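A look at the structure
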Amino acid sequence: MSLSPWKTAWIVGASSGIGRAVALRLARDGVRVAASARDVAALEDLAAEAGGLVTVHPLDVTEDGAAARVLGEIEATHGPVDLAILSAGIWMPFRLDDIRVGAFADSVAVNYLGAVACIAALLPGMRDRDAGQIAIVASVAGYFGLPKSATYGPTKAALINLAESLRTEMDGSGVTVSLVNPGFVATRLTEKNSFPMPLLMQPDAAAERIAKGLRSRRFEVAFPRRFAWGMKLLGALPYPAFFWIVRKFVSRR
């Protein structure tokens, strides 16, 4: 018997990191998980570990029409998706001496427009049913601009803004829009970081926070809580104070 309020979940970006950990967490609660990503071999490994409750649905979110096609396949097999977690993302450290427009375009295509494509596929059915939950995975890096984050942070800021807009649009309906803002989580993406990462969490711990937060249906699930609130406070400071702190404690790292 499922211990979860959801019967079928679609996790985009499930091949590694947070997405993979959440897929395993939901499967343990008896949720049917449709796992999507580009890395088919990693998805198959995930399905094998989950013992039958995770099915593989390869997806490149940048491919035109692919999100709608894959969602159609999932719902034809498992019925309506009542929870979608959109966590596909790439992270490329920004280098001032190597500014490449293509790096920005790739980040926008995957991190932002990839989520938009999935939302565009999901919303018609959820609105017709007047039920469902969409969780957009952004980051505390979207709260404000940070060094080395010029290709990544703006896409996460865009996702935060998108989630806020959609939450307002869905007010009064049965469709819930949630925003997930993790701090540092030990994944293949954060392995690229050459600086200290405060309060670094393991993916399993992050998945627990996400599952609990999404069950509550509150708008923002941000963690670790101390780090997220510290970042919010930093972002609320006047610019002279903000830039002084960033130069002193962040840029020099």
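Here, the structure is the one placed above.
Below, the structure is looked at part by part. Quick caveat: nothing in here was measured; it's all calculated off a predicted structure.

1. A look at a nonpolar patch on the surface
A surface patch of nonpolar side chains, amounting to about 290 Å² of accessible area, comprises Trp 244, Phe 249 and Val 250. Looking at the secondary structure, you find Val 250 in helix H8 (residues 239–251).

2. A look at the nonpolar core
Proteins that are soluble and globular tend to have nonpolar side chains buried together. Core analysis: the largest hydrophobic core is formed by 34 residues, its most contacted members being Trp 10, Leu 86, Leu 122 and Ile 136. Secondary-structure elements contributing two or more residues to this core are strand S1 (8–12), helix H3 (66–78), strand S4 (83–86), helix H4 (101–129), strand S5 (132–137), helix H5 (153–170) and strand S6 (175–182). Broken down by element, the residue count for this core peaks at eight residues, all from H4. Not counting residues within four places of it along the chain, the set of residues in contact with Leu 122 comprises Trp 10, Leu 71, Val 81, Ala 84, Leu 86 and Ile 134. In terms of nonpolar packing, the next biggest core, distinct from the first, is built from 33 residues, Ala 9, Ala 14, Ala 47 and Ala 207 among them.

3. Observations concerning helix H2 (residues 40–50)
Listing the buried residues of H2 in full gives Ala 42, Leu 43, Leu 46, Ala 47 and Ala 50. Taken around the axis of H2, the buried residues stretch over an arc of 140 degrees, which confines them to a single face. Opposite the buried face of H2, by more than 90 degrees, sit the exposed residues Asp 45, Ala 48 and Glu 49. Those residues of H2 hidden inside the fold are in contact with helix H1 (17–28), strand S2 (32–36) and strand S3 (54–56). For H2, the N-terminal cap is Asp 39; the gap from its side-chain oxygen to the backbone nitrogen of Ala 41 is 3.3 Å. Of the residues one or two after H2, Gly 51 is the one with positive phi, at around 70 degrees.

4. Here's the deal with the pattern of salt bridges
Side-chain pairs of opposite charge can arise whenever the charged atoms involved come near each other. Counting across every chain of the model gives nine salt bridges. Glu 73 serves as the salt-bridge partner of Arg 69, at 3.5 Å between the closest nitrogen and oxygen. Here Arg 69 and its partner Glu 73 are both found in helix H3, four residues apart, which amounts to about one turn of the helix. Classification of Glu 73 by relative accessible area gives partly exposed; the value is 38%. A salt bridge links Asp 98 to Arg 100; the shortest N-O distance between them is 3.5 Å. Overlapping salt bridges bring together Arg 25, Arg 28, Asp 29, Glu 208 and Arg 215 as one network.

So, how was this worked out
- Residues numbered from 1 in each chain as written.
- Predicted model: local features only at pLDDT ≥ 70, side-chain atom pairs only at ≥ 80, totals over all residues.
- Heavy atoms only, no water.
- Patch = residues over 30% accessible without salt bridge, like charges linked within 9 Å, V, L, I, M, F, W, Y side chains within 5 Å.
- Areas by Shrake-Rupley, 256 points an atom, 1.4 Å probe, with all protein chains shown as cover.
- Salt bridge = Lys/Arg side-chain N within 4 Å of Asp/Glu carboxyl O.
- Helix = DSSP H or I, 4+ residues; strand = E, 2+ residues; numbered from the N terminus.
- Core = buried A, V, L, I, M, F, W, Y, C linked by side-chain atoms within 4.5 Å.
- Buried < 20%, exposed > 50% of the residue type's maximum accessible area, 1.4 Å probe, protein only.
- Contact = heavy atoms within 4.5 Å.
- Arc of directions from axis to C-beta.
- Polar contact = N/O pair within 3.5 Å; in protein donor to acceptor, adjacent residues only side chain to side chain.

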